[in-house]
Amino acid sequence: MQLEVSGIGLSYGDTPVLRDVSLVLDSGEQALLLGASGSGKSSLLNVICGLQTPDSGTVTLGDQPVHDGVRKAHIGIIFQTLRLVSALNVHANLLLAQRLANGVQNAAKVDETLEQLGINHRAKARPFELSQGEAQRAAIARALVVSPKLLIADEPTSALDKGNTKVVAEMLIEAARSAGASLLIATHDDRLTSQFGRTLMLENGKVTG
Ligand SMILES: Nc1ncnc2c1ncn2[C@@H]1O[C@H](COP(=O)(O)OP(=O)(O)OP(=O)(O)O)[C@@H](O)[C@H]1O
Ligand SMILES: [Mg+2]
């Protein structure tokens, strides 16, 4: 599904953060959103996902305005912090994520995703028992089990060392490709640019690239 962001403006009080931001991400396209800390990357991702209402502009996914229903049905979000329920093991958390997204649990899809990310042996582990790398994969799995058409990640590698940063970026690239999803990753880490064909720059409230 094509993502089209058009003329987004957003201010916090008197401070403008996004000024007339427009971008198009084609179906299946992968891009990096690069910008300094505080440049507005998370704000823009929140607007794209329909989690934050902009002052002006529109966001459409596959020609539909993005609202709660569209987000749940089509967008997989990888937040910077692990959003799993600590009382449930990894497998149960992923089933819950599916149920919250579209009301349907698909255990086979959960198994397949854990296998793909190489953490199926941790399916019965509780979130706090995971290593940092395993937790990162669990966060990716949570976004993938709903079979998204758009995969969005906010600083997915900020807590990782150089080696793991490359591995996790590769994992996201491959996961999006095999799911047929578009991929948009926000980061201030310009070491990731070599792995992406397209880099969007967020600077002074504008996106270029
Ligand atoms: N709810 C809010 N109220 C007021 N100001 C905010 C709010 N959220 C963010 N800001 C400010 O807006 C600017 C952009 O914030 P945002 O979180 O989008 O940046 P970012 O590019 O994601 O930064 P980082 O790389 O540090 O995560 C920052 O100056 C921030 O302090
Ligand atoms: Mg941020």
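Starting afresh in each chain, residues are numbered from 1 along the sequence in its written order. Written order decides the labels, with chains lettered from A and ligands numbered from 1. Where local features are concerned, this predicted model is filtered to residues with pLDDT of at least 70; where side-chain atom pairs are given and counted, the filter is 80 or more; whole-chain, interface and lining totals use all residues. For side-chain calculations, the full set of non-hydrogen atoms in the structure is used, while hydrogens and water are omitted.

Caption draft 1: Representation of the packing of helix α5 (residues 132-144) against helix α6 (residues 162-179) within the structure. Simply put, an axis is a line fit to the C-alpha atoms, just over the touching stretch for a helix, and the angle between two N-to-C directions goes from 0 to 180 degrees. Numbering of helices and strands starts at the N terminus; helices are DSSP runs of H or I of at least 4 residues and strands are runs of E of at least 2. In the contact formed by α5 and α6, the axes pass within 11 Å of each other and the chain directions differ by 15°. With respect to their mutual orientation, α5 and α6 come out roughly parallel. For α5 against α6, the interelement crossing comes out right-handed. For the pair formed by α5 and α6, the contact residues are Gln136, Arg137, Ile140 and Leu144 on the first element and Val167, Val168, Met171, Leu172 and Ala175 on the second. Ten residue types, Ala, Val, Leu, Ile, Met, Phe, Trp, Tyr, Cys and Pro, are classed as nonpolar, four, Asp, Glu, Lys and Arg, as charged, and the remainder, Gly among them, as polar. Considering only residue class, the contact of α5 with α6 consists of seven nonpolar, one polar and one charged. The scheme is simple: roughly parallel for angles under 35 degrees, roughly antiparallel for over 145, roughly perpendicular for 65 to 115, oblique for anything else. Here is the rule for handedness: rotate from the far helix to the near one, and if that takes an anticlockwise turn smaller than a right angle the crossing is left-handed, while a clockwise turn gives right-handed. Note on contacts: a residue pair is in contact if any heavy atoms of the two residues lie within 4.5 Å.

Caption draft 2: Focus on the sheet that holds strand β4 (residues 56-61). Read across the sheet, four strands follow the order β2-β1-β4-β5 without closing on themselves; strand pairing throughout is antiparallel. Edge positions in the open sheet fall to β2 (15-25) and β5 (64-65), since each of these has one partner strand only. One ladder, built from seven bridges, connects strand β1 (residues 3-12) with β2; its direction is antiparallel. Of the residues in β2, the one forming a bridge with isoleucine 8 is valine 21. The sheet strands contacting helix α1 (residues 41-48) are β1, β2 and β4, and the helix crosses β1 at an angle near 125°. At least two bridges found by DSSP between two strands is the condition for calling them paired.

Caption draft 3: Region of the structure containing the packing of aromatic side chains. Any two of the Phe, Tyr and Trp rings considered here, Trp counted by its six-membered ring, make a pair once their centres fall within 6.5 Å; the pair's planes then place it as stacked at under 30 degrees, edge-to-face at over 60, or tilted in between. In the structure shown here, the tally under the stated rule is zero aromatic pairs. Arginine 83 extends its terminal NZ or CZ atom over the ring of phenylalanine 79, reaching a point 3.7 Å from the ring centre. Two conditions define a charge sitting above a ring: the NZ of Lys or the CZ of Arg must be within 6 Å of the ring centre, and it must be within 35 degrees of the ring normal.

Limitation: the analysis is restricted to geometry and does not speak to function.
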